[in-house]
Each structure stands twice: as structure tokens, then as C-alpha cells.
Amino acid sequence: PSYRLAPPPINLRALTMYKSILITTAADNNSNVLQKIEVARKLADEDSTIQIISVMERIPPYITPSLPSDYRETTAQRIKDGIRKKIGGEHYEIHVVEGNAAHQVVKFAKRNGIDCIVISSNRPGFPDHFMGSTALNVVRQAACTVTVVR
């Protein structure tokens, strides 16, 4: 009889450690942020930092005059509060920025030395073939590793 030796187990934790991880969440829907935090924790080691970013759509200039002067600040605070409520007792730095989601995530990652972005993607559909999703654009543009969660 011939015997085959099993290959030694691979320590995936040693292969996938990141020091600075950025979790993305949509301003209007942070439903799977807990799942992304779980993934980020698996990719991190003890001294890693995990941050959360949410991007607000830019307000067209013709609408701005009709909004309260503190609209951006109160909206950003409402988004942060919603994320904090969702994550419970977890303490992560939360950033809310304004503009195109993919561009702002990639820009933030580059400026802040992020080495892994955790982003979610919905199932591809017909519109994605024409416009592309935020996740697809982040994957294409980011200089760091991007982990896509479904």
C-alpha cells in the first residue's frame, strides 16, 4: 500500500495580518457592518487599527441654499450615531465624508495608510454592467488589498 502524507496545515492568520483596516458602510444602510467587523477582526492582529467610513452623497449646489446651515454636520452626526447604535459597545473611529463613494474610500485609504479595505457587494445585476458598483470601483482603484463581503 502507498501512503500519502498530508501537507502541513497553513497558518492563514500569519498570512493575512493587516495593520490598518478600513470598513466601509453605506450612509443609508449599515445592515452588514457587524459582519464586516467580524471579517476585519480575522484579518487583524492585536495591534491593528480598524476604522469605519461612510460616504454621504454630495449635495447639488442648487439645493444647498434651501438647507439649514448645519445640515452637513447634523447629517454626519446622525450617520455616526446610527453606526454606533448598530455596532453597540464596539469602539471604532468613525469617519463620514462627502462625495463619490468609491473615490472617497480610495482617497481616504491612501491618505491614511490603510492596507486593507473591507467592503460589501450586492449580487451583480443588470445595472452593474453599465455603471459599475462602488465595490468594483474600489477594487479597481485601491492600491491596497480589498476584501469583498457578500
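All figures in this text were calculated on a predicted structure; none of them were measured in a lab. (Residues numbered from 1 in each chain as written. Predicted model: local features only at pLDDT ≥ 70, side-chain atom pairs only at ≥ 80, totals over all residues. Heavy atoms only, no water.)

1. Thoughts on the environment of Arg-84
Inspection of the secondary structure puts Arg-84 in helix α3 (residues 71–87). On a C-alpha basis, the gap between Arg-84 and Ile-94 in space is 8.5 Å, while along the polypeptide they are 10 residues apart. Residues in contact with Arg-84, not counting those within four places in the same chain, are Gln-77 and Ile-94. (Helix = DSSP H or I, 4+ residues; strand = E, 2+ residues; numbered from the N terminus. Contact = heavy atoms within 4.5 Å.)

2. Focus: the nonpolar core
Ile-21, Ile-23, Ile-37, Ile-50, Ile-52, Ile-87 and Val-118 are the most contacted members of the largest nonpolar core, which has 21 residues in total. Among all residues touching Ile-23, those that are not within four sequence positions of it are Val-33, Lys-36, Ile-37, Ala-40, Ile-50, Gln-51, Ile-52, Ile-53 and Val-118. Formed by 16 residues, the second largest nonpolar core is a distinct cluster that contains Ala-102, Phe-108, Ile-119 and Cys-144. (Core = buried A, V, L, I, M, F, W, Y, C linked by side-chain atoms within 4.5 Å. Buried < 20%, exposed > 50% of the residue type's maximum accessible area, 1.4 Å probe, protein only.)

3. Some points on the side chain of Lys-36
Residue position: Lys-36 is located in helix α2 (residues 33–43). When its relative accessible area of 2% is taken as the criterion, Lys-36 is described as buried. Setting aside chain neighbours within four positions, we find Lys-36 in contact with Ile-23, Thr-24, Thr-25, Val-118, Ile-119, Ser-120 and Val-149.

4. Notes on the pattern of salt bridges
The tally for this structure, following the rule as stated, stands at 6 salt bridges. Between Lys-19 and Asp-47 there is a salt bridge; the shortest N-O distance is 3.1 Å. Separated by 28 residues along the polypeptide, Lys-19 in strand β1 (residues 18–24) and Asp-47 in strand β2 (residues 44–56) bring together distant segments of the chain. We classify Asp-47 as exposed; its relative accessible area is 53%. A salt bridge links Arg-72 to Glu-98, with the shortest nitrogen-to-oxygen separation between them at 2.7 Å. (Salt bridge = Lys/Arg side-chain N within 4 Å of Asp/Glu carboxyl O.)

5. A few points about the sheet that holds strand β4 (residues 116–120)
Pairing is parallel across the open sheet formed by 5 strands, whose spatial order is β3-β2-β1-β4-β5. Here the strands that pair on one side only, and so sit at the sheet edges, are β3 (93–98) and β5 (145–149). Across this sheet, the average inter-strand angle for adjacent strands is 25°, counted without regard to direction. In this sheet, β3 lies alongside β2 in parallel orientation, the contact comprising 6 bridges. Paired with Ile-52 across the bridge in β3 is Ile-94. Most of the contacts of α3 go to β2, to which it runs at about 135°, and overall it touches β2 and β3. (Pairing = 2+ DSSP bridges. Axes fitted to C-alpha atoms, helices over the stretch in contact; angles between N-to-C directions.)

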